[in-house]
Every structure is written in structure tokens, then in C-alpha cells.
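So you can see what is in the structure, the chains are spelled out below.
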Amino acid sequence: MKRKTTILIAALFLVSALAAGQTKTLKKTGWVSDSVCAAKGDKKCSNREHIKQGANLVIVTDADNKIWLVKNPSKVADFQGAHVIVRAVAADQNTLDIKSIAKAKTTGKQ
């Protein structure tokens, strides 16, 4: 009986440790764009008409040009077309839940 209880406690600890690891805050530097422009390679797009037509706000990262869908677009709406630094939690492989956003210093190399 003690062995089963020990195994159960260890399993619960492992599951909780894995779950806690999935909520790691990420820091990403990139551009706030929309899904239409980003798909065409335009990461600096600020065309608000695309949003009105149903496009999603995204972050296009500087490091690898990965396109991240923004889970909470109201947090980034005022930054469309801007170079930013975000702190976020990856909701899945392609979606970020933005926790904070600030304009990044642009060096002209973008």
C-alpha cells in the first residue's frame, strides 16, 4: 500500500512539474503585423483594413521570421506596424498569449 501511495505521489509531482514548465514566459522581439501581410513576407505592415476584413494580428520574430498568432489581440492593436518586445506565454506552437509589450529600439538593420 505504501508503495502505491509513493508511486501516485511521484506521478502527481511529475505531472505538475511538466504542467508548470509549459507556462514559461518567453521574450520575443519582432514586428506586430497582420496575418495577410505576414504571409506575403511584409512584417512591418500597418494596414488596419486587413484587420477589419478578418485578418489576425501576429508577431513576426526577428530571430527566425516565425509568425506567431496573438491570442489576445487587444494587447497589441495599438502597436500594429511597430517593432516591439513582448513577454508572452506560448499557448501552443504558433500562438502567443501576450503578457506585456513595449516598443523596441530599431537599429535600421531590420
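Preceding this paragraph is the structure being described.
The sections below set out a description of the structure shown in this document. Computed from a prediction, not measured in an experiment: that's the story for all the values here. Along each chain, numbering runs from 1 in the same order as the chain's sequence is written. Local features in this predicted model are restricted to residues of pLDDT 70 or higher, and side-chain atom pairs are both shown and tallied only at a pLDDT of 80 or more, whereas totals for entire chains, interfaces and linings draw on every residue. Side-chain measures here rest on the full set of heavy atoms in the structure, leaving out hydrogens and waters.

1. Quick look at the overall build of the chain
Starting at the N terminus, helices and strands are each numbered in turn, a helix being any DSSP run of H or I of at least four residues and a strand any DSSP run of E of at least two. Counting its regular elements, the chain contains 3 helices and 5 strands. Overall, the chain shows an N-to-C arrangement of helices and strands of α-β-α-α-β-β-β-β. Taken over 110 residues, the chain has a buried fraction of 31%. Put simply, 54% of the contacts in the chain that link residues at least 6 apart link residues at least 24 apart. Surface exposure of the chain reaches about 7400 Å², of which carbon and sulfur atoms provide 56%. Accessibility here uses a 1.4 Å probe with only protein chains present; expressed as a share of the type maximum, an area under 20% marks a residue as buried, one over 50% as exposed, and anything in between as partly exposed. Contact criterion: two residues are considered in contact whenever any of their non-hydrogen atoms come within 4.5 Å of each other. The method behind every accessible area is Shrake-Rupley, applied with a 1.4 Å probe, and residues are considered shielded solely by the protein chains displayed.

2. So, the packing of aromatic side chains
Working definition: rings of Phe, Tyr and Trp (its six-membered ring) pair if their centres are within 6.5 Å, and the pair is stacked with planes under 30 degrees apart, edge-to-face with planes over 60 apart, and tilted otherwise. Evaluation of the coordinates by the stated rule reveals 0 aromatic pairs. A ring has a charge above it when a Lys NZ or an Arg CZ is no more than 6 Å from the ring centre and no more than 35 degrees off the ring normal. Above the ring of Trp68, the side-chain terminus of Lys66 is found at 4.0 Å from the ring centroid.

3. What about the state of the cysteines?
To count as a disulfide, a pair of cysteine sulfur atoms needs to be within 2.5 Å. On inspection of all chains with the given rule, the structure shows 1 disulfide. Residue pairing for Cys37: its cysteine sulfur links by disulfide to Cys45, the two sulfurs lying 2.2 Å apart.

4. Observations concerning unusual backbone geometry
One non-glycine residue with positive phi stands out, namely Asn65, at about 55°. Residue placement: Asn65 occurs in the loop between strand E2 (57-61) and strand E3 (67-70).

5. Points about the sheet that holds E3
Only when DSSP finds a minimum of two bridges between them are two strands counted as paired. Reading around the circumference, E1-E2-E3-E5-E4 is the order of the 5 strands in this closed barrel, with mixed pairing throughout. The mean angle between the axes of side-by-side strands here comes to 55°, regardless of whether they run parallel or antiparallel. Simply put, an axis is a line fit to the C-alpha atoms, just over the touching stretch for a helix, and the angle between two N-to-C directions goes from 0 to 180 degrees.

6. Topic: the pattern of salt bridges
Salt-bridge detection follows one rule: a side-chain nitrogen of Lys or Arg within 4 Å of a carboxyl oxygen of Asp or Glu. Summed over the entire model, instances satisfying the criterion amount to 2 salt bridges. The salt bridge involving Glu49 is made with Lys52; its shortest N-O contact spans 3.5 Å. Of the two residues, Glu49 and Lys52 are both situated in helix H3 (residues 48-52); the distance of 3 residues between them amounts to about one turn of the helix. Take Lys52: its relative accessible area is 66%, and that puts it in the exposed class. Asp97 serves as the salt-bridge partner of Lys99, at 3.1 Å between the closest nitrogen and oxygen. Exposure remark for Lys99: the relative accessible area of 44% places this residue in the partly exposed category.

7. Side note on the environment of Ile98
Structurally, Ile98 is set in strand E5 (residues 95-103). Owing to a relative accessible area of 1%, Ile98 belongs among the buried residues under this scheme. When the C-alpha positions of Ile98 and Lys27 are compared, they lie 9.9 Å apart, and in sequence the two are 71 residues distant. Setting aside residues no more than four positions away along its own chain, Ile98 makes contact with Ile59, Val70, Asn72, Lys75, Val76, Val86, Arg87 and Ala88.

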